[in-house]
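Here are the chains, one letter per residue:
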Amino acid sequence: MSSTLGLYNYWIVIFLMMVGFYVVIAHGNLIKKVVGLNIFQTSVFILYITMGKVDGGAAPILDDAVTVYSNPLPHVLILTAIVVGVATTALALALIVRIREEYGTVEEEEIHEQDESL
Amino acid sequence: MIADNLPALQVVVPLLAAPLALMLRRGIYSWLLAMLTCVVTLAMSIALLSEVMSGGTITYRMGGWAPPWGIQYYVDTVNAFVLLIVAAIGTVVMAAAPTSVASEVRADKQSLFYTAYLLCLAGLLGIVITGDAFNIFVFLEISSLSTYILVSLGNDRRALTAAFQYLIMGTIGATFILIGVGLLYMSTGTLNIQDLAMRLGPLSESRTVQAAFAFTTVGISLKLALFPLHLWLPNSYAYAPSIASAFLAATATKVAVYVMLRFFFTIFGIEFSYEVMPLGTVLLVLALLAIFAGSLVAIFQDNIKRLFAYSSVAQIGYMILGISFASQTGLTAAILHLFNHAVMKGSLFLALGALFYRTGGVNLANFRGLGKTMPWTMMAIVIGGLSLIGVPLTVGFVSKWYLVLAALEQGMWPVAFLVLAGSLLAVIYVWKLVEAAYFQSPDDEAAAVREAPLALLIPTWVLVIANIYFGIDTSLTVGVAETAAMGLLSSGGAP
Amino acid sequence: MPIEMLMPVIVVLPVIAALLIKLTGNNPNLRDTITIVTSVILFLLLIPLTNEVMAGGQPSLVLAEPLPGMTLKFTLEPLGMLFALVAGFLWIITSIYAIGYMRGHHEDNQTRFFMFFAVAIAVTQGVAFSGNLLTLFVFYEMLTLSTFPLVTHAGTEAARMAGRVYLGILLGTSVAFLLLALIVTWYLAGTLEFTAGGILAGTASPLVLGVLLMLFFFGVGKAALMPFHRWLPAAMVAPTPVSALLHAVAVVKAGVFSLLKISLYIFGPDLVRELPITTILTYIVAASILLASLVAMTKDNLKARLAYSTVSQLGYITLGALLGVTGILGGGMHIVMHAFGKITLFFGAGAILVAAHKTEVSQLDGLGRKMPITFAAFTLGTLSIIGLPPLGGMWSKWYLAQATLETGELLLLGTLLLSSLLNVAYLLPIPLRAFFGKPKDDDDSTGGLKEAPLFCLIGISITALVCVTLFFSPQFWYQLASMAVR
């Protein structure tokens, strides 16, 4: 029982992951897709960060009084992943801007229609 | 000093060259820099391969930090070979770039093209050479992001939507791999590939590890364009600039195959992957589906770049089929096909680039009468097509041989027959092109088309000659593939 | 130069000629001279090799090693020598004939035609010289590809469709069946070398070996074994010199030659006789022989009739391959006899087309009086195919019949006899009607000779005379064939 409630962070991860995934697939608006993607990625960030926390561990700053530290490595990894995520989002938004210029819309269905009629 | 740091330089050189290319405003200067970088990169990869073949695996500590805390670069036969493939294709395709890019990409974006190309090259090389699982993710994203840029620079507006679709699917795939790596880290506390291999041994019962396996497989399959996760590939290859298609078709998916090999054989190990998890069966089924679905859909395509993109989906199926057998012959076939397919598809897409340059289109209609107006280009396409079919004296034959042999060794006669039947489907779509080119006469404006310029023909024919040469003298490719396969099958233990 | 080097020279020579032909395309006389001169040189180069083989030698040369342990290798043995000589000699004749035909018929793209003609001969010699299955397969596929432009020469829609059937069946059977059989053989025996006595004995169960035999026999699509025979009548859309050489000599003979070599040197005659599936296969072949003969009888188009006749005659050689040593001997001899006989018939058909513009058998009544030489030669060819003395065709049928007796396959003997009767039924009426029939319509000329062009006549006369000669002196070919099976 305690393990299920104690693992609440993983439940959050799963919830966010599914929400993000759903948004990507179900929405036709390109910007909403990007938002969904971000939610999806954020869930993974939370996965990493929460796994780094050690029960009863202090923040990972060297101090003679402390014996148990939380794991700093996941934070480092996630910084990298966040940067990647930001770059991806920026690129996606830039593409959306260009798509808007070319097609006049950012709805997937309308874009599809315009391409089909070619 | 250079020799000691060769593994690092292999990635760093193109990485540093990329922003320099951006700073040079004129496309042609960027190209010169890019070409120089590619040649240097190629030289380094050749040096690495010969060092590995003679001296055994190379390990390199980034920044001098000892693994498993520091990032380690690890070069054995498999990745030295893939490094060579990526660098060689990168160079040959780059040689054809200035003419083609000048006509397909807007003048103010050309230096951007070369920047993205170099970044992609650096990313791909990084994926291959690194010995750290998270590092694979980072380089994967570097190469993917630059790929999205390359695709979007095509002059058809559908290139933008293709790039966007690829971005969404690719990011999901990469994130899946990230989840997988995270779960692995959670179970073992390390990210170093060799270390992971050691520690995962006793953990095969753990649900976390199994979940990690599943996530990683799906993520890699997306990058690999393994059926049914291949939907991003046809549009991206079709609408990207020809040089980008040539480069990507010949390298990106190969690198993903390498990642699959690394994860399944080195990190998770054969027993876990094939006995605890039903990988062999799953891959076998998907591979066969890929071969047939890819070939069948290819037959009905009018856009010829799309046709060859679907053909690539089928060819990837062949590689995965070899992997599904997990035998010496099967892995040799798969690794061999990495090289052979790169050569085949590289030459085909470059030839298509030449066609696009002269005629402005790559539909079947543009092929009419091509045998007369552009004989050398068409001959390159015919030879590439014959290689796809698997006619002897081409590289395609050698791959097919080993694949069928591997199937027979497993006692799977029906699979052997299916592999050859897939070749027959290739006959159909290749012959579509041959008939249009040699049997139909061009309409008036097509009749005025001249042969492609030498700048495009020569790189194409370099790959065509490689196609034939390595189909006759296979000592290098087969030798390396066999050594690599042996290494993979026996690895998974302590370094 | 060491004698084995002659083999690659012989293969490369026509390829160089092809390049020269391309370069001299604007000068027809020079171009055609190159064709004839090359064919003569090629045949002359075959002579020292023949002497070597007759003396018991087996010149051998490794060309390359594309796959570890597997070489591209030429090894000349008597059966291969037989095929090389037949193909080489008939190239000379056909070149002479083709020049006359193409000019007389005012064909387009003659340069392209003679180029691929030369390449086709080069790879046929490659098939003849092959020392292992891989080499055979390589040249076999190259033959398919190099004859495709010849078959589709006309460039019309009909030619294109025929080309699809041609390529579809030949590539389909070779990739799906023959290549599979090859790889399985490698897997079972560890080698692909043509070895006296075969390499497969004892390597697998009779069931597996039986399936393998079936894969080989259906995989060699060029042997036109039913139901994979459709490419042959489809290829008749090609100009007659193509039909003549390629489909009476090079392509189909490469097919049955491959079957003979596989039977003799991969399985070994004893193993073939032991396998239970051989009996079933012989009945399939027998059915193919008879069915093709029956269809031939229904065809009014002359070339179509000859095409089905070829399907039937090829069945004889395929049968021989399954009937042990004497059968292979008979099959080898039939390669020679049928080649000369059939080529005469095709030359005749072509001559009729060029001189009289007629294609159907029903149109040939009385034509013999206007084209006596052509039809005389045609008659000799007919008699040889039927197998009557004094024509060479008798000898090969003799040995094939003997083989059926030796193996106790009386049904097959009956098939051979019945088929010969059918041959009479569909072939003999042609010269008979031509000489004794009354012309249907009094069209152009009012009596008087209107023979084929001179070069065509020379070609057809030579081959017809050889058919006769072969009756009186078959010893040379007999010797070669029997050396192979010993």
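Criteria and thresholds
Each chain carries its own residue numbering, running from 1 in the direction its sequence is written. Whichever chain is written first becomes A and whichever ligand is written first becomes 1, with later ones labelled in order. Owing to the predicted nature of the model, reporting of local features is limited to residues with pLDDT of at least 70; listing and counting of side-chain atom pairs is limited to 80 or more, with chain, interface and lining totals taken over all residues. With hydrogens and water stripped out, all remaining heavy atoms of the structure feed into the side-chain values. Think of it this way: any DSSP run of H or I at least four residues long counts as a helix, any run of E at least two long counts as a strand, and we number them from the N terminus. Radius of gyration: C-alpha atoms only; globule rule: 2.2 Å multiplied by the number of residues to the exponent 0.38. Partly exposed describes any residue whose relative accessible area lies between the buried limit of under 20% and the exposed limit of over 50%, with all areas from a 1.4 Å probe on protein chains only and scaled to the type maximum. Every residue pair with non-hydrogen atoms within 4.5 Å of one another is taken to be in contact. Each accessible area value is a Shrake-Rupley result obtained with a 1.4 Å probe; residue values ignore everything except the protein chains displayed when judging cover. Neither His nor the chain ends is counted toward charge; the positive residues are Lys and Arg and the negative residues Asp and Glu. Charge positions come from single atoms, namely NZ of Lys, CZ of Arg, CG of Asp or CD of Glu. Here, the term nonpolar core denotes a set of buried Ala, Val, Leu, Ile, Met, Phe, Trp, Tyr and Cys residues that are joined through side-chain atoms within 4.5 Å. Simply put, the buried area is the total loss of 1.4 Å probe accessible area from both parts when two parts are fitted together. Salt bridge, as applied in this entry: a Lys or Arg side-chain nitrogen positioned within 4 Å of an Asp or Glu carboxyl oxygen. Pairs of N or O atoms within 3.5 Å make up the polar contacts considered here, provided that, within protein, one atom can donate a hydrogen while the other can accept it, and that residues adjacent in sequence are counted only when both atoms are side-chain atoms. Residues enter a patch when their relative accessible area is above 30% and they make no salt bridge; the linking distance is 9 Å between like charges and 5 Å between nonpolar side chains (Val, Leu, Ile, Met, Phe, Trp, Tyr). Strand pairing is assigned whenever DSSP detects at least two bridges linking the two strands. Centres within 6.5 Å are what make two rings of Phe, Tyr or Trp a pair, Trp counting through its six-membered ring; a difference in plane orientation under 30 degrees is then read as stacked, over 60 as edge-to-face, and the rest as tilted. For a ring to carry a charge above it, either NZ of a lysine or CZ of an arginine must fall within 6 Å of the ring centroid while also lying within 35 degrees of the normal to the ring plane.

1. Quick look at the overall build of chain B
Argument step 1. When you go through chain B residue by residue, the secondary structure sums to 21 helices and two strands.
Argument step 2. Taken over C-alpha atoms, the radius of gyration comes to 21 Å for chain B, in line with the 23 Å a tight globule of 495 residues would show.
Argument step 3. With the C-alpha coordinates of chain B rotated into their principal frame, the extents come out at 70 × 55 × 40 Å.
Argument step 4. Here chain B, with 495 residues, has 68% of them falling under the buried criterion.
Argument step 5. The long-range fraction of contacts in chain B, counting pairs at least 24 apart against all pairs at least 6 apart in sequence, stands at 80%.
Argument step 6. For chain B, the computed accessible surface area is about 15,100 Å², with 66% contributed by carbon and sulfur atoms.
Argument step 7. The distance from the centre of the 21 positive side-chain charges to the centre of the 21 negative ones in chain B is 10 Å.

2. With respect to the nonpolar core
Argument step 1. The biggest cluster of nonpolar side chains holds 419 residues, and the ones touching the most others in it are Ile323(B), Trp401(B) and Phe267(C).
Argument step 2. Discounting residues that sit within four places of it in the chain, Trp401(B) has contacts with Leu67(C), Met70(C), Leu134(C), Leu182(C), Ile183(C), Trp186(C) and Leu192(C).

3. Notes on the interface of chain B and chain C
Much of the literature gives interface size as the accessible area that the parts lose upon coming together.
Argument step 1. Each side of the interface is counted separately: chain B has 27 residues, and chain C has 33 residues.
Argument step 2. Overall, the association of chain B and chain C removes approximately 2,800 Å² of surface from exposure, summing both partners, and the carbon and sulfur fraction of that is 84%.
Argument step 3. When the buried area of chain B at its contact with chain C is split by residue, Trp401(B), Trp413(B) and Phe439(B) rank highest and sum to 24% of it.
Argument step 4. At the boundary of chain B and chain C, one finds two salt bridges.
Argument step 5. As a salt-bridge pair, Arg160(C) and Glu435(B) come within 3.1 Å of each other at their nearest N and O atoms.

4. A closer look at the interface of chain A and chain B
Argument step 1. Between chain A and chain B, the residue contacts involve 35 residues of the former and 28 residues of the latter.
Argument step 2. For the pair chain A and chain B, the summed buried surface comes to about 2,900 Å²; carbon and sulfur atoms form 82% of the total.
Argument step 3. When the buried surface of chain A facing chain B is broken down by residue, Tyr48(A), Leu91(A) and Leu95(A) rank first, second and third, together holding 18% of it.
Argument step 4. Summed over the shared surface of chain A and chain B, the result is zero salt bridges.
Argument step 5. Inspection of the chain A/chain B interface yields five residue pairs in polar contact (both at pLDDT 80 or more).

5. A word on a nonpolar patch on the surface
All names here are of chain A.
Argument step 1. Where nonpolar side chains cluster on the molecular surface, the patch consists of Leu-7, Tyr-8, Trp-11, Ile-12, Ile-14 and Met-18 and spans about 640 Å² of accessible area.
Argument step 2. Within the secondary structure layout, Ile-12 lies in helix H2 (residues 8-26).
Argument step 3. A relative accessible area of 40% means that Ile-12 is categorised as partly exposed.

6. Things to note about the pairing of strand E2 (residues 70-75) of chain C
Residue and element names in this part refer to chain C.
Argument step 1. Taking burial as the measure, the six residues of E2 include six buried ones, the bulk of the element.
Argument step 2. Judged by which residues are buried, E2 turns out to be covered on both faces: Met-70, Leu-72 and Phe-74 on one side and Thr-71, Lys-73 and Thr-75 on the other are all buried.
Argument step 3. Both strand E1 (residues 60-67) and E2 contribute to a ladder of five bridges, which runs antiparallel. Of the residues in E2, the one forming a bridge with Ser-60 is Thr-75.
Argument step 4. Connecting the antiparallel pair E1 and E2 is a turn made up of two residues, with Gly-69 showing a positive phi of about 90°.

7. As for the packing of aromatic side chains
Argument step 1. Summed over all chains, the structure comprises 48 aromatic pairs over all chains.
Argument step 2. Members of the aromatic cluster, joined through ring pairs, are Phe21(A), Phe40(A), Phe176(B) and Phe215(B).
Argument step 3. Just above the ring of Tyr103(A) sits the side chain of Arg157(B); from NZ or CZ to the centre is 4.1 Å.
Argument step 4. One cation-aromatic arrangement involves Lys222(C) over Tyr140(C); the distance from NZ or CZ to the ring centre is 3.4 Å.

8. Focus on the pattern of salt bridges
Argument step 1. Applying the stated criterion to the full structure yields 15 salt bridges over all chains.
Argument step 2. For Arg98(A), the salt bridge is made with Glu102(A), and the minimal N-O distance between the two is 3.6 Å. Taken together, the residues Arg98(A) and Glu102(A), both in helix H4 (residues 73-103) and four residues apart, mark about one turn of the helix.
Argument step 3. In this structure Arg98(A) comes out as partly exposed when scored by relative accessible area, which is 26%.
Argument step 4. Arg433(C) serves as the salt-bridge partner of Asp365(C), at 2.9 Å between the closest nitrogen and oxygen. Taken together, the residues Asp365(C) in the loop between helix H13 (324-356) and helix H14 (367-370) and Arg433(C) in helix H18 (residues 429-436) connect sequence positions 68 residues apart.

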